[in-house]
Amino acid sequence: MIDYRLIRNEPDRVRAALLKRGYEPTLAENWLAVDARWRETTTRVETLTAEKNQVSKQIAIDKKEGRDASETIARMRALGDEIQSLEENLRQLEEERDAELLMIPNLPHESAPEGLTAEQNVEVHRWGNPIAFDFTPKPHWEIAEALDIIDFERGAKISGSGFIVYKGAGAALERAILNYMLDMHTRRHGYTEIFPPFLVRPDSMVGTGQLPKFQEDMYHCAQDELYLIPTAEVPVTNLLREEILDAAELPIRYAAYSPCFRRESGAAGRHTRGLQRVHQFNKVELVKFTLPEQSYEEHESLLKNAETVLQSLGITYRVMLLCAGDMGFAAAKCYDVEIWSPGLGEWLEVSSCSNFEDFQARRAQIRFRRSAGAKPEFVHTLNASGVAMPRLMATIIEQYQQADGSLVIPEPIRPYMGGLERISRG
RNA sequence: GGAGGAGUGGCCGAGUGGUUGAAGGCGGCGGUCUUGAAAACCGCAUCCCGGGCAACUGGGACGGGGGUUCGAAUCCCUCCUCCUCCGCCA
């Protein structure tokens, strides 16, 4: 959530930001109206409470000195009743005020382009060239089925559509790529590896913003009131929830493998075929906690860390700077990394690289002190996939397919597969 | 899953209804002393919210939430976490 002081002190700035994102600017006015009533009521409650505290002390003294306190006690009771009814109001106002605040998205960074839809996203740069085939390339699902490395049908049989089974060399390849990416980020890019829980409590989901707004997108174990994580961002960001760090510890960089579970019911068809959209997939997630003044620098290196994975595998990709209206609710600035799928002839998103500034940290209460005794400030949080597996796997299968139907394994992955160079039929 | 026990400030730890943000100790910071350091002594300390340009000032916080009471760290309910024993299990 944003700093509500901004709404109080610079409502015009907040309104402009809301407009830039395509939100109703009246969100700010609504909040201010509730806030004004809240503050007024707070003052009255606190004045009465202050009096009550005085009277209460007097009772203690009277009792100790053996005086009759029945009159003061009567006064206390009257004050108590009045305070109680006012507090009832206050609680309602507070609820309303906080609910309004949670509806307000992060303010876009000045470098986020104007625009409301994906068409206004700006291509920042492009790496590699789509490879030219001297035969007609097949889509990944055909290759994978022919090689018997992915079983779509049986995945659907045991768990429903959107669930897949990696098999044999396919399972080994999935595991190898994940290990390759994790090793790169932990050994070369300075991230600390985290292996988090995959089920979390509701308050963790609130901490990173999946709840209350996106309840429908998640798998929920009602009996235990636990949610399956849609991304490792949730447990990893919440690791430091309600903590106050030392400035010297920052930046903190975490890399985590996790499976990701997403209900999001997409319509069947072109965009759901094969690995494009599945309910369970694997991903390596990168999460950073930084000083406010360092977050944009760290945002750029975060993007590079994700790009390095793709470059090392020879995958063609482009980086898009999202316009204000196309960014996620919590982001101030966001790059999407999209890889070129030769089989589909489309760009597919494999990583969203976001700087949330203090939006998540405020909500999750993640703070730091510049020095001992200094006032706690909110850290900045950032994250990116480094990267998500299914579309990467699909693209590797399509890009590395051979005329004879076999699949060449990208060179950096071979050590992770016992030196295997090629997956062939049979 | 069953039966018990516990949760107080950075740490340890007193406190079972009243002027307690909370004794004492450790650790921390500042000062006195000292050529310097140690020791000793003195002093200061948290977080959140409201009001105020400010000095300052009011309120709240003893795991979380709710309740009883004129008044709750202290009594009751509930949730969470940790510990011990039993059961079960990879």
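Not measured: the values here are computed from a predicted model.

Peer 1: Requested: an account of the domain arrangement of chain A, with residues and values cited.
Peer 2: Domain boundaries assigned for chain A yield domain 1 (4-102) and domain 2 (118-423). Here the C-alpha centre of domain 2 lies 44 Å away from the C-alpha centre of domain 1. Residue-level contacts link four residues of domain 1 with eight residues of domain 2. Here domain 1 and domain 2 share an interface that buries about 570 Å² over both sides, 50% of which is from carbon and sulfur atoms. Of all residues in domain 1, Arg21, Tyr23 and Leu102 give up the largest surface area on contact with domain 2, accounting jointly for 86% of the area buried on that side. Applying the counting criterion to the domain 1 and domain 2 interface returns zero salt bridges. At the junction of domain 1 with domain 2, the criterion picks out three residue pairs in polar contact (both at pLDDT 80 or more). Here the side of domain 1 that touches domain 2 is composed, by residue class, of two nonpolar, no polar and two charged.

Peer 1: An account of the packing of aromatic side chains is requested, with residue identities and associated values reported.
Peer 2: Applying the stated rule across the entire model yields eleven aromatic pairs. Each ring, one from Tyr23 and one from Phe329, has its centre 6.5 Å from the other, and the planes form 50°; the classification is tilted. Taken together, the residues span a long stretch of sequence, with Tyr23 in the loop between helix H2 (11-21) and helix H3 (26-64) and Phe329 in the loop between strand E11 (317-321) and strand E12 (333-341) at a distance of 306 residues. Residue Phe329 is classed as buried on the basis of its relative accessible area, which comes to 14%.

Peer 1: Pulling in residues and values, what's your account of the sheet that holds E11?
Peer 2: Taken in spatial order, the eight strands line up as E1-E11-E12-E13-E16-E10-E9-E4 in an open sheet, and their pairing is mixed. Two strands bound the open sheet, and with one partner strand each, they are strand E1 (122-127) and strand E4 (192-194). Adjacent strand axes in the sheet meet at a mean angle of 25° when their direction is disregarded. Bridge count between E4 and strand E9 (residues 252-261): three bridges; the pairing is parallel. Bridging from a neighbouring strand, Thr192 pairs with Tyr254 of E9. Each of E4, E9, strand E10 (280-290) and strand E16 (380-388) touches helix H7 (residues 169-188); the most contacted strand, E10, lies at about 5° to it. The strands that helix H10 (residues 295-312) touches are E1, E9, E10, E11, E12, strand E13 (346-357) and E16; relative to E13, the one it contacts most, it runs at about 155°.

Peer 1: So what's going on with the side chain of Ser204? Residues and values would help.
Peer 2: In this fold, Ser204 is placed in helix H8 (residues 202-208). A polar atom in the side chain of Ser204 sits 3.1 Å from the side chain of Arg241. When neighbours within four sequence positions are excluded, Ser204 is seen to be in contact with Val234, Asn238 and Arg241.

Peer 1: Tell me about the protein's contact with RNA strand B, and name the residues and values.
Peer 2: Among the 25 residues in the neighbourhood of RNA strand B, the closest are listed as Arg8, Arg39, Ala60, Arg77 and Arg201. Counted by atom, the contact set of RNA strand B within 4 Å of the protein is 81% sugar and phosphate. Thr43 has a polar side-chain atom sitting 3.5 Å from a sugar or linking oxygen of RNA strand B. Measuring from a phosphate oxygen of RNA strand B, one finds a side-chain N or O atom of Arg201 at 2.4 Å. When residues of the surface near RNA strand B are traced back to their parent elements, those giving at least two are helix H1 (4-9), H3, helix H4 (70-102) and strand E14 (366-369). Counting residues per element, the surface near RNA strand B draws most heavily on H3, at 14 residues. Split into classes, the residues belonging to the surface near RNA strand B amount to nine nonpolar, four polar and twelve charged.

Peer 1: Describe the nonpolar core, and please don't skip the residues or the numbers.
Peer 2: Note that soluble globular proteins tend to have their nonpolar side chains buried in a common cluster. Among the nonpolar cores identified, the biggest contains 54 residues, and Leu173, Ile177, Met181, Leu392 and Ile413 are the most heavily contacted of them. Among the elements that make up this core, the one with the highest residue count is H7 (eight residues). Within the second largest apolar cluster, 22 residues are counted, among which are Val14, Ala28, Leu322 and Met327.

Peer 1: Summarise the pattern of salt bridges; cite the residues concerned and give the values.
Peer 2: Within the structure shown, the criterion is met by 26 salt bridges. Residue Asp35 pairs with Arg39 through a salt bridge whose shortest N-O separation is 3.4 Å. Separated by four residues within a single helix, Asp35 and Arg39 lie in helix H3, roughly one turn from each other. Given the relative accessible area of 0%, Asp35 is considered buried. Among the salt bridges present, the one from Glu298 reaches Lys288, with a minimum N-O distance of 2.6 Å. Linking Glu298 in helix H10 with Lys288 in strand E10, this pair joins segments that are ten residues apart in sequence.

Definitions and limits used
- Residues numbered from 1 in each chain as written.
- Chains lettered and ligands numbered in written order.
- Predicted model: local features only at pLDDT ≥ 70, side-chain atom pairs only at ≥ 80, totals over all residues.
- Heavy atoms only, no water.
- Domains from an automatic or database assignment.
- Contact = heavy atoms within 4.5 Å.
- Buried area = accessible area lost by both parts, 1.4 Å probe.
- Salt bridge = Lys/Arg side-chain N within 4 Å of Asp/Glu carboxyl O.
- Polar contact = N/O pair within 3.5 Å; in protein donor to acceptor, adjacent residues only side chain to side chain.
- Nonpolar A, V, L, I, M, F, W, Y, C, P; charged D, E, K, R; others polar.
- Phe/Tyr/Trp six-rings, centres within 6.5 Å; stacked < 30°, edge-to-face > 60°.
- Helix = DSSP H or I, 4+ residues; strand = E, 2+ residues; numbered from the N terminus.
- Buried < 20%, exposed > 50% of the residue type's maximum accessible area, 1.4 Å probe, protein only.
- Pairing = 2+ DSSP bridges.
- Axes fitted to C-alpha atoms, helices over the stretch in contact; angles between N-to-C directions.
- Near = heavy atom within 4 Å.
- Core = buried A, V, L, I, M, F, W, Y, C linked by side-chain atoms within 4.5 Å.

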